[in-house]
Amino acid sequence: MARQLDAAIRDALVERVRFYRDLGLTEFYRRPVDPALLLAEAADAVEEQQPASVAVEELVVATSPEPQQDNSQPNYSQEDPPIPPRAPFPAQPKIGAVVPAADRAAALEVIREEIGNCTRCALHTGRNKLVFGDGDATARLMFVGEGPGADEDAQGLPFVGKAGQLLNNMIVAMGLRRDQVYIANVVKCRPPGNRTPEPTEANTCTPFLFRQIDVVRPQVLVALGATAATYLLGQRQPLAGLRGRVHAFRGTQLIVTYHPAFLLRDPRQKKEAWADLQIAMKELGLKPPSKG
Ligand code: URA
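So, a few notes on the structure that sits alongside this text. Bear in mind the structure is a predicted one, so any value in this text is a computation, not a measurement. (Residues numbered from 1 in each chain as written. Predicted model: local features only at pLDDT ≥ 70, side-chain atom pairs only at ≥ 80, totals over all residues. Heavy atoms only, no water.)

Sheet architecture is open: 6 strands sit in the order β1-β3-β2-β4-β6-β5, paired in mixed fashion. Sheet topology places β1 (134–135) and β5 (247–249) at the edges, where each strand pairs with a single neighbour. Summarising the sheet, β1 and strand β3 (residues 182–185) pair through 2 bridges and their orientation is antiparallel. Each bridged residue has a counterpart across the sheet, and for aspartate 134 the counterpart in β3 is isoleucine 183. (Pairing = 2+ DSSP bridges. Helix = DSSP H or I, 4+ residues; strand = E, 2+ residues; numbered from the N terminus.)

Looking at the ligand, the residues that line it are Gly145, Glu146, Gly147, Glu152, Pro158, Phe159, Asn185 and His259. Separating an oxygen atom of the ligand from a backbone N or O atom of glutamate 146 is a distance of 2.7 Å. In this structure, asparagine 185 approaches the ligand through a side-chain N or O atom, which is 2.8 Å from a nitrogen atom. Bound to the protein, the ligand loses 91% of the 230 Å² it would expose on its own. (Near = heavy atom within 4 Å. Polar contact = N/O pair within 3.5 Å; in protein donor to acceptor, adjacent residues only side chain to side chain. Areas by Shrake-Rupley, 256 points an atom, 1.4 Å probe, with all protein chains shown as cover.)

A separate point is the environment of proline 238. Relative to the assigned elements, proline 238 resides in the loop between α7 (226–233) and β5. In the structure, proline 238 is positioned 12 residues away from alanine 226 in sequence and 7.2 Å away in space, judged by C-alpha atoms.

Turning our attention to the side chain of threonine 206. With respect to the helices and strands, threonine 206 occurs in helix α6 (residues 199–216). For threonine 206, a relative accessible area of 5% puts it in the buried group. Setting aside its immediate chain neighbours within four residues, threonine 206 contacts Val186 and Tyr231. (Buried < 20%, exposed > 50% of the residue type's maximum accessible area, 1.4 Å probe, protein only. Contact = heavy atoms within 4.5 Å.)

Moving on, we get to the packing of aromatic side chains. According to the stated counting rule, one finds 3 aromatic pairs in the structure shown. Seen from their ring centres, phenylalanine 210 and phenylalanine 249 are 6.1 Å apart, and the 55° between their planes marks the pair as tilted. With phenylalanine 210 in helix α6 and phenylalanine 249 in strand β5, the pair connects residues that are 39 residues apart, well separated along the chain. Like phenylalanine 249, phenylalanine 210 is buried. Look at tyrosine 258 and phenylalanine 262: their rings are 5.0 Å apart centre to centre, the planes differ by 45°, and that puts the pair in the tilted class. Both residues of the pair, tyrosine 258 and phenylalanine 262, count as buried. (Phe/Tyr/Trp six-rings, centres within 6.5 Å; stacked < 30°, edge-to-face > 60°.)

This part takes up α6. Here α6 spans 25 Å end to end across 18 residues, near enough to the 26 Å set by a 1.5 Å rise per residue. The sharpest bend along α6 comes to roughly 35°, located at threonine 206, with the proline proline 207 sitting one to four residues further on. Judged by how many residues are buried, α6 sits mostly within the fold: 14 of 18 residues are covered. Backbone geometry just after α6 places arginine 217 at a positive phi near 45°. (Expected span 1.5 Å × (residues − 1). Bend = angle between axes of the 7 residues up to and from the residue.)

Another point: the environment of aspartate 179. Topologically, aspartate 179 is positioned in the loop between α5 (162–173) and β3. Judged by its relative accessible area of 49%, aspartate 179 is partly exposed. The sequence separation of aspartate 179 and aspartate 134 amounts to 45 residues, and the corresponding C-alpha distance is 8.4 Å. Engagement of the side chain of aspartate 179 in a polar contact is seen with the side chain of arginine 177, the distance being 3.0 Å.

Structure below.
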């Protein structure tokens, strides 16, 4: 029983880290954690004997049920004060020359080859497959996530796990197919235990991401979650301050929204995410597909 409780405490802590991270609180672990609260969560989990995994849901925006109060989570808001930057953001590289549409796939291949069997940061030590990016090299819409998880690390492709299924649904809800967009991440190798990439890791990897963005040159770029928004915009701010508007970024229109993994944990926010995606759709001149 004691061992079971230990494992449950660890799981509750890991789950809490992920939950906070997706809300953009990347430094909460520097704040004290209430052990009594963790113990209570762990005891509940043992009692219920439930697997921690969350069911994947479709993005059903129009028919979303009223938000349910979830008393198992702490009561804190997106309006938490800004987190001071921990590391300076390096100056972003100059925007690359426009690549003709017909040459974009080859130009991405050149970047992939340059990355090679990368050992530029510590993340390579735990990697199975490097996740470069995937999709249409001439896409008008590009998504940027945080970094590969276990499924992506195994397959070498971005967003192929549960969060990826939700992202696929979001893309379809926008009236597009996944193969019509381009998807990449801030870091190309899986951080251990899916932790947030460290600034040195992200800053080592983003020059390649910026080059991918410059080659694809999407009209609209969607940053999925706080880590993507932070490293694309080069400023650390809570998501609440960045969502709901268009940011000019490297010749594209950047829109910030929640990470799909966060939406899986808190489906109440799907409405908000849909509002963000509608801004993207307006920029792209897209209408949602008609039902039926
Ligand atoms: N989460 C991410 O941020 N990126 C992926 O590729 C998968 C999950």
